[in-house]
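# Results of the structural survey
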Amino acid sequence: MTAPRLLAPLLILSLTVLTGCTTTSKTGSGSILGGNANPSGDPLLDAPNRAVMTCSSVDRITVLNRFNDMMFSCPDLGVTVKVDELRDAGWRVLGIEIGEEQDTDSHVGFPVNVKVRKLF
């Protein structure tokens, strides 16, 4: 009779410890959480491998600016960067979406969204 009484508290204690070990906490301002064991302080480098995010152009792309010189806002990480900076931090372009044309100041421009994945 005493064995089942001792076994129940031991089982509850074991389940409590196991539940605490498997609980994850979310930190950071963006939706991509840091996955690097040695954080560098740079959200582009600290993002977990295989993370996917979409960044939107800050300005429209026109004949007056080059794609590589465009700044992209990446709200998942809270950064604004160029495509070259993404590439240098281990991100690769999966796709480019060009939006509807907008005509202002005698120049036709297009908003651009870039979908990227963190490879390393």
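See the structure shown above.
In this report, the structure presented in the accompanying data block is examined. Not measured: the values here are computed from a predicted model. (Residues numbered from 1 in each chain as written. Predicted model: local features only at pLDDT ≥ 70, side-chain atom pairs only at ≥ 80, totals over all residues. Heavy atoms only, no water.)

## Considering the nonpolar core
- Leu-44, Met-53, Phe-72, Leu-77, Leu-86 and Trp-91 are the most contacted members of the largest nonpolar core, which totals 18 residues.
- Secondary-structure elements contributing two or more residues to this core are strand 1 (52–57), strand 2 (72–74), strand 3 (79–81), helix 3 (83–88) and strand 7 (112–118).
- It is strand 7 that provides the largest number of residues to this core, a total of 3 residues. (Core = buried A, V, L, I, M, F, W, Y, C linked by side-chain atoms within 4.5 Å. Buried < 20%, exposed > 50% of the residue type's maximum accessible area, 1.4 Å probe, protein only. Helix = DSSP H or I, 4+ residues; strand = E, 2+ residues; numbered from the N terminus.)

## Concerning the side chain of Ser-57
- By the element assignment, Ser-57 lies in strand 1.
- Here Asp-59 takes part through its backbone oxygen, which lies 3.1 Å from a polar atom of the side chain of Ser-57.
- Residue contacts for Ser-57: discarding those within four places in its chain leaves Met-70, Met-71, Phe-72, Pro-111 and Val-112. (Polar contact = N/O pair within 3.5 Å; in protein donor to acceptor, adjacent residues only side chain to side chain. Contact = heavy atoms within 4.5 Å.)

## Notes on the sheet that holds strand 2
- A sheet is described by the order of its strands in space; here 5 strands give the open sequence 3-2-1-7-4, paired in antiparallel fashion. The open sheet has two edge strands with one neighbour each: strand 3 and strand 4 (91–98). Neighbour to neighbour, the strand axes of the sheet diverge by 30° on average, direction disregarded.
- Bridging between strand 2 and strand 3 involves 3 bridges; their strand directions are antiparallel. What sits directly across from Phe-72, in strand 3, is Val-81. (Pairing = 2+ DSSP bridges. Axes fitted to C-alpha atoms, helices over the stretch in contact; angles between N-to-C directions.)

## Re a negative patch on the surface
- Together, Glu-100, Glu-101, Asp-103 and Asp-105 give the surface a local cluster of negative charge.
- Relative to the assigned elements, Glu-101 resides in the loop between strand 4 and strand 5 (102–104).
- Taking relative accessible area as the criterion, Glu-101 reaches 53% and is therefore assigned exposed. (Patch = residues over 30% accessible without salt bridge, like charges linked within 9 Å, V, L, I, M, F, W, Y side chains within 5 Å. Areas by Shrake-Rupley, 256 points an atom, 1.4 Å probe, with all protein chains shown as cover. Salt bridge = Lys/Arg side-chain N within 4 Å of Asp/Glu carboxyl O. Lys, Arg positive; Asp, Glu negative; His and termini not counted. Charge placed at Lys NZ, Arg CZ, Asp CG, Glu CD.)

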